[in-house]
Amino acid sequence: MAASNGFAAFSVTIKQQTSICRPSRPRSSEFVIYPYRNSRNRRRFLERGAFSNPRCEMGSVSSDDEEKKESRISSLSALERLKTSAADRYTKEKSSILAIGLSFHTAPVEMREKLAIPEAGWPHAIEELCRLNHIEEAAVLSTCNRMAIYVVALSWHRGIWEVTDWMSKTSGIPVSELRKHLFLLRDKDAVRHLFEVSAGLDSLVLGEGQILSQVKQVLRVGKEVKGFNRNIGDLFRHAVAVGKLVRHETNIASGAVSVSSAAVEFALMKLPKPAFSSARMLVIGAGKMGQLIIRHLAAKGCTKVVVINRSEGRAAAIREKVKGIEIIYKPISEMLTCAAEADVVFTCTASEMPLFLKEHVESLPPVSQELGCWRLFIDISVPRNVGSCVYALGSAQVYNVDDLKKVVEANQEDRHRKAMEAQAIINEESESFVASRDSLEAVPTIIKLRSYFQQILMEELKEYLLKKGVDEISNEGVIKLGEALVNKLLHRPMQHFRCNPDENRTRSEVIENIRVINRVFGLDTEIPDFGAEIRARVERTQK
């Protein structure tokens, strides 16, 4: 699902990109930034005199030498205007949230593992990223399925360069090769992507819960690290809240969506609920599917399982990986003995011949009445490990992989419907986060303006009450009336302190409104100047 989005050889998999770049002549190590996407906009820009092509103007043919001279002068002045306007745009631009990384959608595991950063290395990675000239804050989310860097960049296009270069140096992968697999998202799209990740919408298994714990861990680790500051911290706190909200509102994580998880769900459904914790579990086969079954059993509260395998090595490896459950190994020669002592038998071996035939199961002792008087066989092997002749026995219930697949498919369809509901929640929450972030710049002005109005109102009330013989304002009703008046007076000005696309209000307009209010009321609050921050960081680096 990858699509080019304007960076040379960049493969992008996430929808709704915001890049304004397009490739120039083929260069393996360069991005080229263009201010306008189409010729119509560029022509309008040319007509305003803000941009011109000096090469075209200087190359024009004229019969008059004076015209040639004027053309050269005009082109040079246009070039100077371009340099000035570019510098002005650079120093006045707003900081951006960027998400840059790899996922199982875009990159093979061989590449992901080269960029993977263990949890112990996250603090050092954050500190290194924040030492880059244009990176103010940073966070690392590195799991088996993805490695993403989230940063607040004082200049988004320069921030992209710096983070990409840092990733290349860290992994040893050339930038030209890295770009083919990276995804890049900016501002609202970056916010929405992290919320989708936290909600489990970007996972290999839709709605899986482990990723929410991993996002929480980023927040826990980041709290102790310089560079994991307010913007990134708020972003990850909001992402955790959205992940919880989506799971609560849509129940997207319910229902098994893999054959191994469906096998355990089947056992839960078929066994009486009070008896599940005491039911004796037997897993035949310690390969990948066997390991997954044991994981799911442990997650459902099972505390003990017997594992049958040809050798003990795999069982020992599972014991190391899966905690909280007792794993008892038995050799294949004791299979029937162990089956006689088990209430539920999971089979997942590569045997081409059935392990259980009618005569084997008939010879097994019955299970207790508490468990329904029949032994449960859940066979997820192909070819089947439980012979078809066992299905007719009254002392056993047998389910195979086809039975489980029907459950998985039904659950997957249900999760996709819930994902659409989750997307609506995520869109609303991302809009809310971006709006609140944009409004932060106006907070000092809002506080001082509200204080200014409240002070005037209280002084006037006090003077009026003194004339009436009242020494102080103690009436609660009068105080609430004053607060209501201030709120009504400030309601309209407050609207002009928020970036609102619906009303075509840009950040530059909001900044200008802040300046006007500061000047009119003498508030003297600090106006955001990211250009000054960038220059200061560059100067510190050069010293």
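In this report, the structure presented in the accompanying data block is examined. (Residues numbered from 1 in each chain as written. Predicted model: local features only at pLDDT ≥ 70, side-chain atom pairs only at ≥ 80, totals over all residues. Heavy atoms only, no water.)

Moving on to the layout of surface pockets. Computed from the structure, the second largest pocket encloses a volume of approximately 1,000 Å³. Lining the second largest pocket are 29 residues, and of these V205, E208, G209, Q210 and H296 sit closest to its centre. Secondary structure elements with two or more residues in the lining of the second largest pocket: α9 (210-222), α11 (259-270) and α12 (288-299). (1 Å grid on protein atoms, 1.4 Å probe; cavity = no way out; pocket = protein on both sides within 12 Å on 5 of 7 lines; lining within 4 Å. Points joined across faces, edges and corners; volume = space filled by probe spheres on them. Helix = DSSP H or I, 4+ residues; strand = E, 2+ residues; numbered from the N terminus.)

Compared with the 16 Å implied by 1.5 Å per residue over 12 residues, the 16 Å span of helix α8 (residues 188-199) between its first and last C-alpha is a close match. For α8, the buried fraction is high: 11 of the 12 residues fall into the buried class. (Expected span 1.5 Å × (residues − 1). Buried < 20%, exposed > 50% of the residue type's maximum accessible area, 1.4 Å probe, protein only.)

The antiparallel open sheet is built from 4 strands, whose spatial order is β2-β3-β1-β4. Here the strands that pair on one side only, and so sit at the sheet edges, are β2 (135-142) and β4 (183-186). When strand polarity is set aside, the average angle formed by the axes of neighbouring strands in this sheet is 15 degrees. One ladder, built from 4 bridges, connects strand β1 (residues 96-103) with β4; its direction is antiparallel. Along β4, the bridge assignment pairs I100 with L184. Against the sheet, α8 engages β1, β2, β3 (146-153) and β4, with an angle of about 115 degrees to β4. Its contacts with the sheet put α9 on β2 and β3, and the angle it makes with β2 is roughly 145 degrees. (Pairing = 2+ DSSP bridges. Axes fitted to C-alpha atoms, helices over the stretch in contact; angles between N-to-C directions. Contact = heavy atoms within 4.5 Å.)

Here we come to the packing of aromatic side chains. Within the structure shown, the criterion is met by 5 aromatic pairs. With 6.3 Å between their ring centres and 80 degrees between their planes, F195 and F433 make a pair best called edge-to-face. Pair noted here: F195 is in helix α8 and F433 is in helix α16 (residues 401-439), with a separation of 238 residues, a long-range link. Judged on exposure class, the residue F195 and its partner F433 are both buried. (Phe/Tyr/Trp six-rings, centres within 6.5 Å; stacked < 30°, edge-to-face > 60°.)

What follows covers the pairing of strand β6 (residues 304-309). The buried fraction of β6 is high, at 5 of 6 residues. Pairing of strand β5 (residues 281-284) with β6, which is carried by 4 bridges, proceeds in the parallel orientation. Within β6, the position partnered with M281 by the bridge is V305. You can see the chain leave β5, run along α12 and come back into β6, and the turn it takes is right-handed. Relative to strand β7 (residues 326-331), β6 runs parallel, the two sharing 6 bridges. Each residue of the ladder has a partner; that of I308, found in β7, is K330. For the segment spanning β6, helix α13 (residues 313-321) and β7, crossover handedness is right-handed. (Right-handed = clockwise from strand over helix to strand, strands pointing away.)

Turning our eyes to something else, we now look at the pattern of salt bridges. This structure, assessed with the given rule, holds 11 salt bridges. Across the pair R237 and D234 runs a salt bridge whose closest N-O atoms are separated by 2.9 Å. In this pair, R237 and D234 both sit in helix α10 (residues 230-250), 3 residues apart, roughly one turn of the helix. The class of R237 is partly exposed, set by a relative accessible area of 41%. We classify D234 as partly exposed; its relative accessible area is 29%. A network of salt bridges, in which partner residues are shared, links D414, R417 and K418. (Salt bridge = Lys/Arg side-chain N within 4 Å of Asp/Glu carboxyl O.)

Quick look at the environment of F377 now. Along the chain, F377 turns up in strand β9 (residues 375-379). Judged by its relative accessible area of 0%, F377 falls in the buried class. Leaving out residues up to four positions away in the same chain, F377 has contacts with V345, F356, V361, L364, V386, A396, Q397, V398 and Y399.

The subject of this paragraph is the packing of α8 against α10. Running from amino to carboxyl end, α8 crosses α10 at an angle of 45 degrees, the nearest separation of the two axes being 8 Å. By the criterion of interaxial angle, the relationship of α8 to α10 is oblique. You can see that α8 and α10 cross each other, and the crossing is right-handed. Only L235, F236, H238, A239, V240, V242, G243, V246 and R247 of α10 make contact with α8, whose side of the interface consists of V191, L194, F195, S198 and A199. Taken together, the residues of the contact of α8 with α10 sort by class into 10 nonpolar, 3 polar and 1 charged. (Parallel < 35°, antiparallel > 145°, perpendicular 65-115°, else oblique. Left-handed = near helix turned anticlockwise from the far one by under 90°. Nonpolar A, V, L, I, M, F, W, Y, C, P; charged D, E, K, R; others polar.)

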